[in-house]
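Structural overview for review
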Amino acid sequence: MDPNAGNYNVVEASFVAAGPTLDALPAPALPEIAFAGRSNVGKSSLLNMLLSRIKLVRTSSSPGCTRTLNLFHVKLASGLEMQVTDLPGYGYAKLSRSESKSFQAMVEGYLTRRPSLVALVILVDVRRGVEDEERQLVSYMEQPSVDRARKPVVIFVATKLDKLSRSEQKPALGRLEKAAGMKGILGVSAETGAGRDELWQKLERALVLV
Ligand SMILES: Nc1nc2c(ncn2[C@@H]2O[C@H](COP(=O)(O)OP(=O)(O)OP(=O)(O)O)[C@@H](O)[C@H]2O)c(=O)[nH]1
Ligand SMILES: [Mg+2]
């Protein structure tokens, strides 16, 4: 057996490109995993946590930080290689109507047409839960796409688990799953690293299906 199997140490993580539209991105080179969710939910922070890099991906305490499709190249100690995409968030009240429309078009275009997309991670705040926008994201992924052979895997994670006490965490996740009508939502925290290995396991499964 490969001694590095299941080793989620990140040996390489680098910025590849940022683009305002799908067509501005480099052609797909590797299987890709995207991170989507409400503005400020913690997408960019979760990426830094997963990649064990403090400041590779830009984060901010004010919503509307990520405004383009941002692509990174990642290699694990196991040899597994991929690209990850940090997406702009939605639901940011301070955006004008036209800005908000163009963000939506950017994300929708990427999600429905990127041929190399193998998994979409949808983030929801553990204190907020799954709302219409997240259901909309799932429906984008269900649309048949002429651009790819296989439907991407959708993985739900609940962020900022550290905002709840240990005793509150499990019941909160249970309530969230019940309200959303789905099972297996993974609690994560970019602050404490909670859920890192579990999320990598899910991502690895999606990547090796390719
Ligand atoms: N306590 C805590 N704070 C977090 C966590 N993840 C993110 N944050 C904070 O939440 C804020 C937003 O984080 P970002 O990672 O920039 O959020 P984003 O989803 O990328 O936001 P946009 O780029 O605007 O869409 C920052 O102040 C982070 O420090 C977490 O797990 N725990
Ligand atoms: Mg961001």
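Here the structure is shown first, and the text comes after it.
Let me begin by describing the structure that accompanies this report.

Reading the values: rules and limits
- Residues numbered from 1 in each chain as written.
- Chains lettered and ligands numbered in written order.
- Predicted model: local features only at pLDDT ≥ 70, side-chain atom pairs only at ≥ 80, totals over all residues.
- Heavy atoms only, no water.
- Buried < 20%, exposed > 50% of the residue type's maximum accessible area, 1.4 Å probe, protein only.
- Helix = DSSP H or I, 4+ residues; strand = E, 2+ residues; numbered from the N terminus.
- Pairing = 2+ DSSP bridges.
- Core = buried A, V, L, I, M, F, W, Y, C linked by side-chain atoms within 4.5 Å.
- Contact = heavy atoms within 4.5 Å.
- Polar contact = N/O pair within 3.5 Å; in protein donor to acceptor, adjacent residues only side chain to side chain.
- Salt bridge = Lys/Arg side-chain N within 4 Å of Asp/Glu carboxyl O.
- Near = heavy atom within 4 Å.
- Areas by Shrake-Rupley, 256 points an atom, 1.4 Å probe, with all protein chains shown as cover.
- Nonpolar A, V, L, I, M, F, W, Y, C, P; charged D, E, K, R; others polar.
- Donors = N, O, S within 2.8 Å, 3.2 Å for Na, K, Ca; no water.

Attention shifts here to the pairing of strand β3 (residues 69–76). Across the eight residues of β3, seven count as buried, placing the element largely inside the fold. Sheet topology places strand β1 (residues 10–19) next to β3; eight bridges connect them, and they run antiparallel. Pairing of A17 across the sheet is with L71, part of β3. Summarising the sheet, β3 and strand β4 (residues 81–86) pair through six bridges and their orientation is antiparallel. Paired with K75 across the bridge in β4 is E81. In textbook terms, the turn of a hairpin is the stretch between consecutive antiparallel strands, and for β3 and β4 this stretch comprises four residues, one of which, G79, has a positive phi near 100 degrees.

The subject of this paragraph is the nonpolar core. A general trend in soluble globular proteins is that nonpolar side chains are found buried together. Membership of the largest hydrophobic core comes to 32 residues, with the highest contact counts inside it found for L87, Y110, L111, V126 and L137. Those elements giving two or more residues to this core turn out to be β2 (32–37), α2 (97–113), β5 (117–125), α3 (132–142), β6 (153–159) and α4 (166–180). Residue contributions to this core peak at five residues, all from α2. Setting aside residues no more than four positions away along its own chain, L111 makes contact with A34, L87, L117, L120, L137, Y140, M141 and R148. Core analysis: the second largest hydrophobic core is formed by 30 residues, A13, L51, M82 and L199 among them.

With that out of the way, let us pick up the side chain of K43. Mapped onto the elements of the fold, K43 is located in helix α1 (residues 43–50). A distance of 2.9 Å separates a polar side-chain atom of K43 from the backbone oxygen of R38. Setting aside residues up to four positions removed in sequence, K43 forms contacts with F35, A36, G37, R38, D86, L87, P88, G89 and L123.

Time to look at the pattern of salt bridges. Following the criterion strictly, the structure yields seven salt bridges and no others. A salt bridge links R38 to E131; the nearest nitrogen and oxygen atoms lie 3.5 Å apart. Remark: E131 occurs in the loop between β5 and α3 and R38 occurs in the loop between β2 and α1; sequence separation between them is 93 residues. Across the salt bridge formed by E133 and R38, the nearest N and O atoms sit 2.9 Å from each other. Placement of the pair is E133 in helix α3 and R38 in the loop between β2 and α1, with a sequence separation of 95 residues.

Take unusual backbone geometry next. With phi around 80 degrees, N40 is a residue other than glycine that occupies positive phi space. The residue N40 is located in the loop between β2 and α1 in this model. A residue is classified by how much of its surface remains accessible, and N40, at 35% relative accessible area, is partly exposed.

In this section: the site of ligand 1. Taken together, 22 residues form the shell around ligand 1, and within it K43, S45, G64, D162 and A190 come nearest. Between ligand 1 and S60, the relevant distance is 3.1 Å, taken from an oxygen atom to a main-chain nitrogen or oxygen of the residue. Protein contacts shield 88% of the accessible area of ligand 1, which totals 650 Å² for the unbound molecule. Each residue belonging to the shell around ligand 1 can be placed in one class, and the counts come to four nonpolar, twelve polar and six charged.

Let's shift gears to the coordination of the magnesium ion (ligand 2). Looking at the magnesium ion (ligand 2), the protein donor atoms are S44 (OG) and T66 (OG1), and they sit 2.1 to 2.2 Å from it. A residue pair is termed long-range when its members are at least 10 positions apart, and S44 in helix α1 and T66 in the loop between α1 and β3 qualify at 22 residues.

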